[in-house]
Amino acid sequence: MTFDEWKILAKGLKSAYTYEKFLPDADALNVWFELLKDIEYPILNMACQQYISTNKFAPTIADLRELCSNTVNGELPDYGKAWEEVLMAIRKCGMYQEDLALEKMSEQTRQVVKRMGFKNLCTSENVTADRANFRMIYEQTSQRKKTDMQIPQSVKKAISAVQGNLIESKNSF
């Protein structure tokens, strides 16, 4: 998205949310642009229209990034559907065909099941506890994935660079 396109969207947002403290000056406009510029104009335009249509109070950058992320990536499936995948895989494959069972699962479900142990789930006698643990892990990974999808690439690169420097400094001791 270009700065000129962002100015059009900012004017639209300002016309919907007229109080003075929302995007009060050029500095605020620039900060918002820096954190939204990696999003394509049509997608951010849709997110702004959706937000204005459904919310009484002005958006934050995070609100708009979340709407854009949901538009591009779709909503993450809830744990209930993922748990059904697990139960179906256990029924159809059993504990001796772990590779086949894992192959039939979505990526996120597969990661959670590997973390919990497929054979442990197959032989467990406490399905209620397994479901609760699955739910907790699945929702944590969903939240991490959702957050990661919302962070701008430029910020991710900066974080990686900082982390790389920290690792190098730890290894030098």
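The structure we're discussing is the one just above.
Asks: What is the right way to look at the overall build of the protein in this model?
Replies: Counting its regular elements, the protein contains 10 helices and 0 strands. Written out in order from the N terminus, the α and β elements of the protein read α-α-α-α-α-α-α-α-α-α. Going through the 173 residues of the protein one by one, you find that 31% of them count as buried. Just so you have it, the protein exposes about 11,300 Å², and 54% of that area is on carbon and sulfur atoms.

Asks: Looking at this model, I keep getting lost on the packing of helix H2 (residues 26–36) against helix H4 (residues 61–73). Mind explaining?
Replies: Two quantities define a packed helix pair, namely the angle between the helix axes and the distance between the axes. At a minimum axis separation of 11 Å, H2 and H4 run at an interaxial angle of 25°. Between H2 and H4, the angle falls in the class roughly parallel. Our pair here, H2 against H4, has a crossing hand that is right-handed. On the side of H2, the interface is formed by Trp 32, Leu 35 and Leu 36, while H4 contributes Ile 61, Leu 64 and Arg 65. Residues of the contact of H2 with H4, tallied by class, amount to 5 nonpolar, no polar and 1 charged.

Asks: Just to check I follow, could you spell out the pattern of salt bridges for this structure?
Replies: Once their charged atoms are close, side chains differing in charge can pair, the charge on each being opposite to the other. In total, this model carries 7 salt bridges according to the counting rule given. Among the salt bridges present, the one from Arg 65 reaches Asp 38, with a minimum N-O distance of 2.9 Å. Linking Arg 65 in helix H4 with Asp 38 in the loop between H2 and helix H3 (41–54), this pair joins segments that are 27 residues apart in sequence. In this structure, Lys 146 and Glu 66 form a salt bridge, with 2.6 Å as the shortest nitrogen-oxygen distance. Residue Lys 146 is found in helix H9 (residues 127–150), and its partner Glu 66 is found in helix H4; the two are separated by 80 residues along the sequence.

Asks: Is there a simple way to explain the nonpolar core in this structure?
Replies: Within soluble globular proteins, side chains that are nonpolar tend to cluster in buried spots. Counting residues in each nonpolar core, the largest one holds 24 residues, and the members touching the most others are Trp 6, Leu 23, Trp 32, Leu 36, Leu 44 and Leu 64. Looking at this core, the elements that each hand over two or more residues are helix H1 (3–16), H2, H3 and H4. Every residue in contact with Leu 36, bar those within four places of it in the chain, is listed here: Met 1, Trp 6, Leu 44, Ile 61, Leu 64 and Arg 65. Judged by nonpolar contacts, the second largest core, of 17 residues, contains Ala 82, Val 86, Phe 134 and Ile 137.

Asks: I would appreciate a short explanation of unusual backbone geometry in the present structure.
Replies: A negative phi angle is the norm for most residues apart from glycine, just as the trans form is the norm for most peptide bonds. One non-glycine residue, Leu 23, adopts positive backbone phi at about 45°. Secondary-structure assignment places Leu 23 in the loop between H1 and H2.

What counts and how
- Residues numbered from 1 in each chain as written.
- Predicted model: local features only at pLDDT ≥ 70, side-chain atom pairs only at ≥ 80, totals over all residues.
- Heavy atoms only, no water.
- Helix = DSSP H or I, 4+ residues; strand = E, 2+ residues; numbered from the N terminus.
- Buried < 20%, exposed > 50% of the residue type's maximum accessible area, 1.4 Å probe, protein only.
- Areas by Shrake-Rupley, 256 points an atom, 1.4 Å probe, with all protein chains shown as cover.
- Axes fitted to C-alpha atoms, helices over the stretch in contact; angles between N-to-C directions.
- Parallel < 35°, antiparallel > 145°, perpendicular 65-115°, else oblique.
- Left-handed = near helix turned anticlockwise from the far one by under 90°.
- Contact = heavy atoms within 4.5 Å.
- Nonpolar A, V, L, I, M, F, W, Y, C, P; charged D, E, K, R; others polar.
- Salt bridge = Lys/Arg side-chain N within 4 Å of Asp/Glu carboxyl O.
- Core = buried A, V, L, I, M, F, W, Y, C linked by side-chain atoms within 4.5 Å.

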